[in-house]
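Coordinate inspection notes
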Number of protein chains: 2
Amino acid sequence: MQKEAIVATYRIETAIPLEQAAEMIAGEQSSGTFLPVPGETEELKAKARAKVLEITPLETVSTPSLPGSKQPDVNAVRQQAEIRIAFPQDNVGANIPTLLATVCGNLYELAEHSGCKLIDLELPDVFARRYPGPQFGVEGTRKLAGVHDRPIIGTIVKPSVGLSPEQTAALVRELGEAGIDFVKDDELMANPPHSPLKERVNCVMREINDLAERTGRKVMYAVNISDEVDEMFRHHDHVLAAGGTCVMVSLNHVGFAGVSALRAGCELPIHGHRNGWGMFNRHPMLGIEFTAYQKLWRAIGVDHLHVNGLQNKFCEPDESVLRSLKSLQEPMWSGYHAMPVISSGQWGGQAPETLRLGGTQDVIYVAGGGIMAHPGGPAAGLRGIQQAWEAATAGIALDEYAKQHTELRQALEKFGGRR
Amino acid sequence: MQKEAIVATYRIETAIPLEQAAEMIAGEQSSGTFLPVPGETEELKAKARAKVLEITPLETVSTPSLPGSKQPDVNAVRQQAEIRIAFPQDNVGANIPTLLATVCGNLYELAEHSGCKLIDLELPDVFARRYPGPQFGVEGTRKLAGVHDRPIIGTIVKPSVGLSPEQTAALVRELGEAGIDFVKDDELMANPPHSPLKERVNCVMREINDLAERTGRKVMYAVNISDEVDEMFRHHDHVLAAGGTCVMVSLNHVGFAGVSALRAGCELPIHGHRNGWGMFNRHPMLGIEFTAYQKLWRAIGVDHLHVNGLQNKFCEPDESVLRSLKSLQEPMWSGYHAMPVISSGQWGGQAPETLRLGGTQDVIYVAGGGIMAHPGGPAAGLRGIQQAWEAATAGIALDEYAKQHTELRQALEKFGGRR
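Residues numbered from 1 in each chain as written. Chains lettered and ligands numbered in written order. Predicted model: local features only at pLDDT ≥ 70, side-chain atom pairs only at ≥ 80, totals over all residues. Heavy atoms only, no water.

Before going further, it helps to examine the overall build of chain A. A count of helical and extended segments in chain A gives 18 helices and 13 strands. Taken over the C-alpha trace, chain A has a radius of gyration of 24 Å; the compact-globule value for 419 residues is 22 Å, and the two agree within 12%. Its C-alpha atoms give chain A principal-axis dimensions of about 75 × 45 × 40 Å. Taken across its 419 residues, chain A has 66% of its residues classed as buried. Taking all contacts inside chain A whose residues are at least 6 apart in sequence as the whole, residues at least 24 apart take part in 74%. For chain A, the computed accessible surface area is about 14200 Å², with 50% contributed by carbon and sulfur atoms. Chain A carries 40 positive and 50 negative side-chain charges, and their two centres are separated by 3 Å. (Helix = DSSP H or I, 4+ residues; strand = E, 2+ residues; numbered from the N terminus. Rg over C-alpha atoms; globule rule 2.2 N^0.38 Å. Buried < 20%, exposed > 50% of the residue type's maximum accessible area, 1.4 Å probe, protein only. Contact = heavy atoms within 4.5 Å. Areas by Shrake-Rupley, 256 points an atom, 1.4 Å probe, with all protein chains shown as cover. Lys, Arg positive; Asp, Glu negative; His and termini not counted. Charge placed at Lys NZ, Arg CZ, Asp CG, Glu CD.)

Our focus in this paragraph is the interface of chain A and chain B. If you look at the interface, chain A gives 88 residues, while chain B gives 88 residues. Here chain A and chain B share an interface that buries about 7400 Å² over both sides, 60% of which is from carbon and sulfur atoms. Taken together, chain A and chain B are joined by 4 salt bridges. Taking the shortest distance from any N to any O, the salt bridge between B:E231 and A:R130 comes out at 3.6 Å. Across the contact surface, chain A and chain B share 34 residue pairs in polar contact (both at pLDDT 80 or more). Secondary-structure elements contributing two or more residues to the side of chain A that touches chain B are α2 (42-48), α3 (96-103), β4 (113-122), α8 (229-241), α9 (251-254), α10 (256-265), α11 (277-281) and β10 (286-288) of chain A. With 6 residues, α3(A) is the largest single contributor of residues to the side of chain A that touches chain B. (Buried area = accessible area lost by both parts, 1.4 Å probe. Salt bridge = Lys/Arg side-chain N within 4 Å of Asp/Glu carboxyl O. Polar contact = N/O pair within 3.5 Å; in protein donor to acceptor, adjacent residues only side chain to side chain.)

This part covers the layout of surface pockets. Size it by volume and the second largest pocket reaches roughly 500 Å³. What lines the second largest pocket is a set of 26 residues, and nearest its centre among them are A:V229, A:A257, A:A261, B:V229 and B:A261. Those elements giving two or more residues to the lining of the second largest pocket turn out to be α8 and α10 of chain A together with α8 (229-241) and α10 (256-265) of chain B. Here the lining of the second largest pocket gets 5 residues from one element, more than from any other, and that element is α10(A). (1 Å grid on protein atoms, 1.4 Å probe; cavity = no way out; pocket = protein on both sides within 12 Å on 5 of 7 lines; lining within 4 Å. Points joined across faces, edges and corners; volume = space filled by probe spheres on them.)

To continue, consider the domain arrangement of chain A. Residue and element names in this part refer to chain A. The assigned domain composition of chain A is domain 1 (5-130) and domain 2 (137-415). Averaged C-alpha coordinates put domain 1 and domain 2 at centres separated by 36 Å. On the side of domain 2, 18 residues touch domain 1, which itself brings 23 residues to the contact. In this assembly, domain 1 packs against domain 2 so that about 1800 Å² is buried in total across both faces, 68% of it on carbon and sulfur atoms. A salt bridge links K295 to D120; the nearest nitrogen and oxygen atoms lie 2.9 Å apart. Within the residue set of the side of domain 1 that touches domain 2, elements represented by two or more residues are β1 (5-14), α3, β4 and α4 (126-130). (Domains from an automatic or database assignment.)

Turning to the relation of the copies chain A and chain B, a few remarks are in order. Mapping between the two copies of the chain is achieved by a rotation about an axis and a shift along the axis. When chain A is fitted to chain B, the residual RMSD is 0.0 Å, and the transformation amounts to a turn of 180 degrees plus an axial shift of 0.0 Å. Such a combination of turn and shift is consistent with a two-fold rotation axis. With an isologous cut-off of 70% or more, the 100% of interface residues of chain A that recur at the interface of chain B puts this contact in the isologous class. (Least-squares fit on C-alpha atoms with pLDDT ≥ 70 in both.)

Here it is, written out as structure tokens:
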């Protein structure tokens, strides 16, 4: 069964009996509907109806997590549960938009549920035959960036918007001279009138290419090409022609089919930015968990995927960040490895825990303020982060390592109160 | 200012002072970031920083609507408010994915907010120059369907999945003979192995074309072409060649750039299905309101857009359905009219209130069970719905009209308990 089925795991909350609640999801998203219809024969159900595989009761709650549930008794106790449902592959085909119509679809609007979140997805091999997966992944990205045996350390051009192409290039030059591996546009900066993408790429790549000639190492610049499909290709081609080595897209706003179309003709690593993600995941009983989400983007073929960072400045707790980081390391068919991007409030101090709990240094570690606001300037900020990772890898406490490493010591003094 | 600005209206909830909370959104999504950065000069801020236009305090709440807010005092009272923020058009350009990175982006993850929902958007004219809007809209759809001066009445092929192409065609023939105007695939049914789209379209269109030759009226069949971009075009071309008059897409799962790419080469009305919408809108303090959402899809050029229906079977209250229905009638540039699709639990009984409160009969009115489960069969179900709309338009009470109209009377007897 499982080989031929799409298996979805949900966290649900309901005041009706769990078996009934789970069957409702299975029915609504396969051959059933609200009312019995004449065509839903036993024969049709046998091949097309989704099957409830497992129901694990969790906590009970006295107030509904989401509004809108039409329960007979408003004071009824709500039961939370984890359920697993198998959808026949034959209902869907290898078609990600329709997979989502099936495993998400109308489920979030069911009045009998006061909570529904897609937690995980098991995809049959037919998706691997249809979807190419990452073209570069960890290995290809490391090769292009020329960074091995340690995280790729990067930063975001800030201010996010407002700098001219020349100002952006001057900043990238400064960071490149300081030894940065990776620079990205902010998600707010794509192709606006005040910094047209072509002009910005020309200005920035001139500096990056010049530096590469002198040092033999080319800074990877993730150019935000987010736009309509034709424009993304025009931007991609320009980045490629200018010697660039990475393009970035806002995954949730370009969307699945748009990114998939880009992947089909893309010759550079795709840096997948997940801005807007809070809408999918902030509420524990609504939306999609990263574990399911990342599989879709890995199938489509994104090479880098944002996972936030430990002790970040947003609302996401560390355990959620670690779960995301771990999920990207789970095997998925063969070769579908996307590189995690760690960012938000990072300054190096999180390196030991990121390595110890996250279990990998195959990450792109992006720091903004941690580099730019370092008391010794950007070069010192970068050096401090490199030193933090050296210490983490060698298993030496940061305080200890800082005794011999000035930049790390300065970083600890400035940012260390946050640990 | 407004002409050159993108204005976003939000509902927010926070324990920090409202001015500070609003400025945080304006800063984070324009030239600011968590820490002051050297490049954010006064000159840059003057042109690039978003401006808070208006703050309207609403209720206070004692428990946060969303988890994850890192407030100093967990017992602090949270203030809800509606705020309006103007983002300089020059920051974004006419680029919908980047518009969303700007007006949504990281906002849902701000730890200082325990609620954030995008309520409305005002888009400057530069978007009208870039995005084509609906190609057919109300007028073009009516012309193709041959239905004027009353709603287009339709149904969904059920069971959603499991029927063979031949079985689907037989059902459509039956509905067509009964006088249906419009039939759509379920969102679960796109191009699966058990009902390949080409074969299904061939079978169904044979019946529809045959009926059209006999009656002069062609049933509009919204074929679910949701898939990757290339496949959507292949499907579209096949529908067109077979004489079909509509294609359907799952908007949220194909995504903005994918649907936009389709629109650029599409020769048929695009039926926009919003399944997955609950994730965006079920929570009152998270996500996007339909008022903002529909403007994006109208700009991109979707011809039909689902709004749910009064007394629906999902969790959405009537006031929200009506707000959506009204929002689609609001003028948007010139000619960007998309036709509302009313569905879920409809059987005709909702017609008077839909017309009176919704203010229009320029709708596609889709009933499943209300047609298929009518005691007199599908033809009678359809006739009952037509009669309900006749009564509504003439201002006659349904009970009164039912005295002379058997099918409506039967519908009232079977489904009327729900009113």
